[in-house]
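Chain by chain, the residues:
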Amino acid sequence: MSAETGAAVERAALAAVGSRFRLHGRAAATGLDCVGLVALALRAGGCVVTVPTGYALRGGDPVAVAAWLDRVLARRAGGDAGAAGDVLMLRTGPAQLHFAVRSARGIIHADAVLKRVVERPGPVAEPVLGCWRPAVQSGEA
């Protein structure tokens, strides 16, 4: 990922801060969930992705989700907390996956409890299950 791509992904996620939370939401104007936020940000960075639909708020197989992400993005070695513009898969509870965009100050994510997209500064509090960055050109899965 070029620095420009990462910056574009981060900028798009930051621009969505304040948008309301909506399960399966795909537009900042009408609401976003964590998948919609990541898709919006990746597209702003020039990545072509098809996002899943019909998933539940809780659940999901982290191995299957990671395999899908591996097909459309480039996994960062070591699964660390990444650089600005990277996509993080987090475990926020038992059998609960969550996605965020890494920012220079912390993470940007769609918070279902606060009912909006927020930037949370500081280190990543949840266990990071994986870290991906947009490739030069991502493909559809």
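Just above, that's the structure.
Nothing here was measured: the structure is a model prediction, and the numbers come from that model.

Engineer: Sorry if this is basic, but what is going on with the pattern of salt bridges here?
Structural biologist: In the structure shown here, the tally under the stated rule is six salt bridges. Across the pair Arg76 and Asp86 runs a salt bridge whose closest N-O atoms are separated by 3.0 Å. Linking Arg76 in the loop between strand S3 (74-75) and strand S4 (87-93) with Asp86 in the loop between S3 and S4, this pair joins segments that are ten residues apart in sequence. Of the residues examined, Asp86 reaches a relative accessible area of 0% and is grouped as buried. Salt bridges linked by common partners bring Arg76, Asp86 and Arg133 together as one network.

Engineer: Which parts of the structure should I look at to understand the side chain of Asp111?
Structural biologist: Relative to the helices and strands, Asp111 resides in strand S6 (residues 106-111). With no salt bridge to any partner, buried Asp111 finds its closest opposite charge in Arg120, at an N-O distance of 5.8 Å. Asp111 has contacts with Phe21, Arg116 and Val118, leaving out every residue within four places of it along the chain.

Engineer: Would you mind going over the environment of Glu10 with me for this structure?
Structural biologist: With respect to the helices and strands, the residue Glu10 is situated in helix H1 (residues 3-15). For Glu10, a relative accessible area of 13% translates into the label buried. Sequence separation between Glu10 and Val38 is 28 residues; the distance between their C-alpha atoms is 9.8 Å. If sequence neighbours within four positions are ignored, Glu10 has contacts with Ala84, Gly85, Val101, Arg102, Ser103, Ala104 and Ile108.

Engineer: How do you make sense of the state of the cysteines when you look at a structure like this?
Structural biologist: In protein chemistry, a disulfide is the covalent bond that joins the sulfur atoms of two cysteines. What the rule picks out here adds up to zero disulfides. No disulfide involves Cys34; its nearest neighbouring cysteine sulfur is the one of Cys131, lying 15 Å away. Note on Cys34: relative accessible area 11%, which makes it buried. Here Cys131 is not cross-linked by a disulfide; its sulfur's nearest cysteine counterpart is in Cys47, at 14 Å. Since its relative accessible area comes to 0%, Cys131 is described here as buried.

Cut-offs applied
- Residues numbered from 1 in each chain as written.
- Predicted model: local features only at pLDDT ≥ 70, side-chain atom pairs only at ≥ 80, totals over all residues.
- Heavy atoms only, no water.
- Salt bridge = Lys/Arg side-chain N within 4 Å of Asp/Glu carboxyl O.
- Helix = DSSP H or I, 4+ residues; strand = E, 2+ residues; numbered from the N terminus.
- Buried < 20%, exposed > 50% of the residue type's maximum accessible area, 1.4 Å probe, protein only.
- Lys, Arg positive; Asp, Glu negative; His and termini not counted.
- Contact = heavy atoms within 4.5 Å.
- Disulfide = S-S within 2.5 Å.

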